[in-house]
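Each chain, written out:
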Amino acid sequence: MNAGTTAAQNAAVAAARPARQSIRARLALTVTGFGALLVATCVLAPLVGSTPLSLVRVFDRTVPFADNVDAQIFFIARLPRVFAAALVGATLASAGVVLQALLRNPLATPFTLGVSAGAALGAILAITFGSAVTLGPFSPVPLASFAGALIAVAIVYTLASAPGRALSTSVLLLAGVTLNSFFSALILFVQYMADFTEAYRAVRWLMGDLDIGAFGPIVATLPLAIVSFGMFALLPSSLNLLSVGGDVAATRGVDVLRAQRLAFLSASLATSAAVSLAGPIGFIGIVVPHLVRLLVGVDHRVVLPASALFGASFLVVCDVVARTVMAPLEVPVGIVTALIGGPFFLWLLVRRG
Amino acid sequence: MLSADRVSFGYADFELQDVSIDIPRGSFTGVLGPNGCGKTTLLKLMSGVLKPRAGDVLLEGEPIGHITRRRLARRIAVVPQETHPAFDYTVMEMVLMGRHPHLGPFALEGPADLAIAREALAATGTAHLADRVYMTLSGGEKQRVIIASALTQSPELLLLDEPTASLDLGYQLEIATLLGNLNRERGVTLVLATHDLNLAASLCSDLVLLREGRILARGRTGDVLTTTMVRRLYGVEADVAFHPGAGHLTVIPVRRAEGGVR
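Residues numbered from 1 in each chain as written. Chains lettered and ligands numbered in written order. Predicted model: local features only at pLDDT ≥ 70, side-chain atom pairs only at ≥ 80, totals over all residues.

Is there a simple way to think about the overall build of chain A in this case?
Summing up its helical and strand segments, chain A has 15 helices and zero strands in all. For chain A, the share of sequence-separated contacts (at least 6 apart) that also reach a separation of at least 24 residues comes to 77%. (Helix = DSSP H or I, 4+ residues; strand = E, 2+ residues; numbered from the N terminus. Contact = placed C-beta atoms within 7 Å.)

It is not clear to me how the overall build of chain B should be interpreted in this structure. Could you clarify?
Within chain B one finds nine helices and twelve strands. Rg of the C-alpha trace for chain B: 19 Å, near the compact-globule value of 18 Å for 262 residues, within the 12% margin. Projected onto its principal axes, the C-alpha coordinates of chain B cover approximately 60 × 45 × 30 Å. In chain B, buried positions account for 45% of the 262 residues. Contacts in chain B between residues at least 24 apart in sequence constitute 63% of all its contacts with a sequence separation of at least 6. (Rg over C-alpha atoms; globule rule 2.2 N^0.38 Å. Buried ≥ 20, exposed ≤ 12 C-beta atoms within 10 Å, placed from the backbone.)

Help me understand helix α2 (residues 23-44) of chain A in this model?
Because each turn of an α-helix spans 3.6 residues, side chains separated by three or four positions in sequence point in the same direction. Counted at 1.5 Å a residue, the expected span for α2(A) with its 22 residues is 32 Å, and the 31 Å between its end C-alpha atoms agrees. Looking only at α2(A), the buried set comprises R26(A), L27(A), T30(A), G33(A), F34(A), A36(A), L37(A), L38(A), A40(A) and T41(A). (Expected span 1.5 Å × (residues − 1).)

Is there a simple way to think about the interface of chain A and chain B in this case?
One frequently used descriptor of interface size is the decrease in accessible area upon assembly of the parts. Taken residue by residue, the interface counts 24 residues in chain A and 25 residues in chain B. Of all the secondary structure elements, the ones that give two or more residues to the side of chain A that touches chain B are α2, α10 (236-244) and α11 (246-251) of chain A. At five residues, α10(A) tops the list of elements feeding residues into the side of chain A that touches chain B. Class assignment for the residues of the side of chain A that touches chain B results in ten nonpolar, seven polar and seven charged. (Nonpolar A, V, L, I, M, F, W, Y, C, P; charged D, E, K, R; others polar.)

Would you take a moment to explain the nonpolar core for this structure?
As a rule of thumb, soluble globular proteins bury nonpolar side chains together. In this structure, A86(A), V88(A), V98(A), V95(B) and L192(B) are the most contacted members of the largest nonpolar core, which totals 180 residues. Sorting elements by how many residues they give to this core places helix α4 (residues 69-102) of chain A first, with 16 residues. (Core = buried A, V, L, I, M, F, W, Y, C linked by C-beta atoms within 7 Å.)

Which parts of the structure should I look at to understand the sheet that holds strand β6 (residues 76-79) of chain B?
Backbone hydrogen bonds hold the strands of a sheet together, and the pairing may be parallel or antiparallel. Residues and elements named next belong to chain B. Strand order in the open sheet formed by six strands is β6-β7-β8-β3-β9-β10, with mixed pairing between adjacent strands. Single-partner strands in this sheet number two, and they are β6 and β10 (214-220). For this sheet, the mean angle separating the axes of adjacent strands, direction not counted, is 15 degrees. With six bridges joining them, strand β9 (residues 206-211) and β10 adopt antiparallel strand pairing. Along β10, the bridge assignment pairs R211 with R214. Of the strands in this sheet, β6 and β7 (157-161) are in contact with helix α5 (residues 139-151), which crosses β6 at around 170 degrees. (Pairing = 2+ DSSP bridges. Axes fitted to C-alpha atoms, helices over the stretch in contact; angles between N-to-C directions.)

Before we go on, may I ask you to explain the confidence of the model for chain A in this structure?
Low pLDDT marks stretches whose predicted atomic positions should not be read closely. All names here are of chain A. When pLDDT is averaged across chain A, the result is 83; 87% of the residues are at 70 or more. Within the model, the stretch residues 1-5 combines pLDDT values under 50 with seven contacts to residues more than four positions away or in other chains. Contacts for the low-pLDDT stretch residues 7-19, under 50 throughout, to residues beyond four places or in other chains number 24 contacts. (pLDDT = per-residue confidence, 0-100.)

I would appreciate a short explanation of the packing of helix α13 (residues 284-296) of chain A against helix α14 (residues 300-324) of chain A in the present structure.
Packed helix pairs are characterised by how far apart their axes lie and by the angle those axes make with each other. Residue and element names in this part refer to chain A. Interaxial distance between α13 and α14 falls to 9 Å at its minimum, and their mutual angle equals 125 degrees. Of the possible angle classes, the one that applies to α13 and α14 is oblique. Viewed along their axes, α13 and α14 form a crossing whose handedness is right-handed. Where α13 abuts α14, its residues I284, V288, P289, L291, V292, R293 and V296 lie against V302, V303, A306, S307, F310, G311, F314 and L315. Looking at side-chain class alone, the contact of α13 with α14 contains twelve nonpolar, two polar and one charged residues. (Parallel < 35°, antiparallel > 145°, perpendicular 65-115°, else oblique. Left-handed = near helix turned anticlockwise from the far one by under 90°.)

Sorry if this is basic, but what is going on with the confidence of the model for chain B here?
On average, chain B scores 91 in pLDDT, and the residues at 70 or more come to 97%. Predicted complex metrics record ipTM = 0.90 and pTM = 0.87.

Help me understand α13(A), please; the structure alone is not making it clear to me.
Residue and element names in this part refer to chain A. For α13, spanning 13 residues, the distance from its first C-alpha to its last is 18 Å, which sits close to the expected 18 Å at 1.5 Å a residue. The element α13 is largely enclosed, with a buried count of ten among its 13 residues. When we look at burial in α13, the residues that qualify are I284, G285, I286, V287, V288, P289, V292, R293, L295 and V296. After α13 finishes, the residue G297 shows a positive phi value of roughly 90 degrees.

So, in structure tokens, the structure goes:
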């Protein structure tokens, strides 16, 4: 898969440098470059795995689908996983960009607010006790996860917003830290109460897992993701000004309270979409936006779409690593991203200090 | 053009009470007063960032609370004391953000906006810094870039909150010259909150003296800036005299006033 990705990477790097190009040219170049990278990774990633596939055989129209084992593995076994990775990567990376601008802190992540912990608690409750509950075609896990995320958001938002005043960053961050500890304690309690099999499933899910095995869960998450991306599209120029300062943003024509609410809500929606699909996969929201800023500068009108596209490619590649590094064992992808993201985060801390 | 009509504002332990001022078009008004007298609050009320508890701030008769932020930002720009962006924006990016109120929600700035930004950079003597990262600039350079960014809004009125507070003498003079030119040559109406009496004396046509959240005096600079007023405002005995070399009034503090009028 090297040739394709390298070409796409070159295109992405060519989009690099804030330079003297107009914003239109930079945006077009960036979207083309990172878009090409994403298409390349999505086509090539399903070819990698315990059974090597050939792209020619996968798309060989002379063999009926029922007899084409390569096509079956490609489309049924591996492609859902690749799409899930792309969707989760895109939503988590974008949510990271939005939260970092909203909190004026480049180290903020979707996880800083406790939203993912809330989502995880909901999912764990459903995994442990929800087997008795049936909701027609829906699995209770994503719904409970989404409910948990929304509760977390409501708590953080209520704590952080005093009437008529701008959100206080420090209150927001502290509320998030507190909620994280609180939800984690509840998750541990639920696991303590659960029997061994259920506890194992829960632990496995908490590691972050893209092995969803069908398109159904992706389709179920899609509306949530689409709404959040629609809201993201309204935000970039406000995010630029918010990250310079709340008062500056107000005097440059931004309706600060409305922009903050939109940012907060959209990032929360995106995070819960990702968590309900694949568990709390960490560090995407910090690694991807930082790499993207190194390549294309810091203007959110470029950074946000670039992070969505690059976040998708990034998690698809991480998942290929997770599937192959200890084959035939599959490592949960959350462990791979944490092993990359942890040191990266520390490096950022040291560099900033 | 912009006026405050009996404006009061409560902010924790601190109040601004019954403040009425009028900023005529084309004027250069200085807002003076000791620390904590409410200068910054007054400027935030006049830019609509804060809402008064009582009274109204009016832009040509219209309460600014009724004007959308976008429309207001096309007419009034603000230069705060200090600006700390969370990311490494280039100078050009910082300045172009001034075009925000003139662009639609999905519009990207075009050649016309770029020309306005370049002109603002030139007017503030910062054109050579366009590709530098804002956070790597010196204090004086940063402040001039922020003024350029405010000018890119094409405002009729510019509110400045102690823009020279953290600058050394050379940069202070640069900013002063720039502001004087903006007022005289471009007809921008200016409101300047400052601690620096001599800066205000050299630039401002009108002064507003604030003490403990109330107006102590307002009027033409020559009428308001007197030994008595400096004593009542700061509790300081000072020499106030016309300096023929500088061409304006100068204030030289001599000693604390006896009895501490403050």
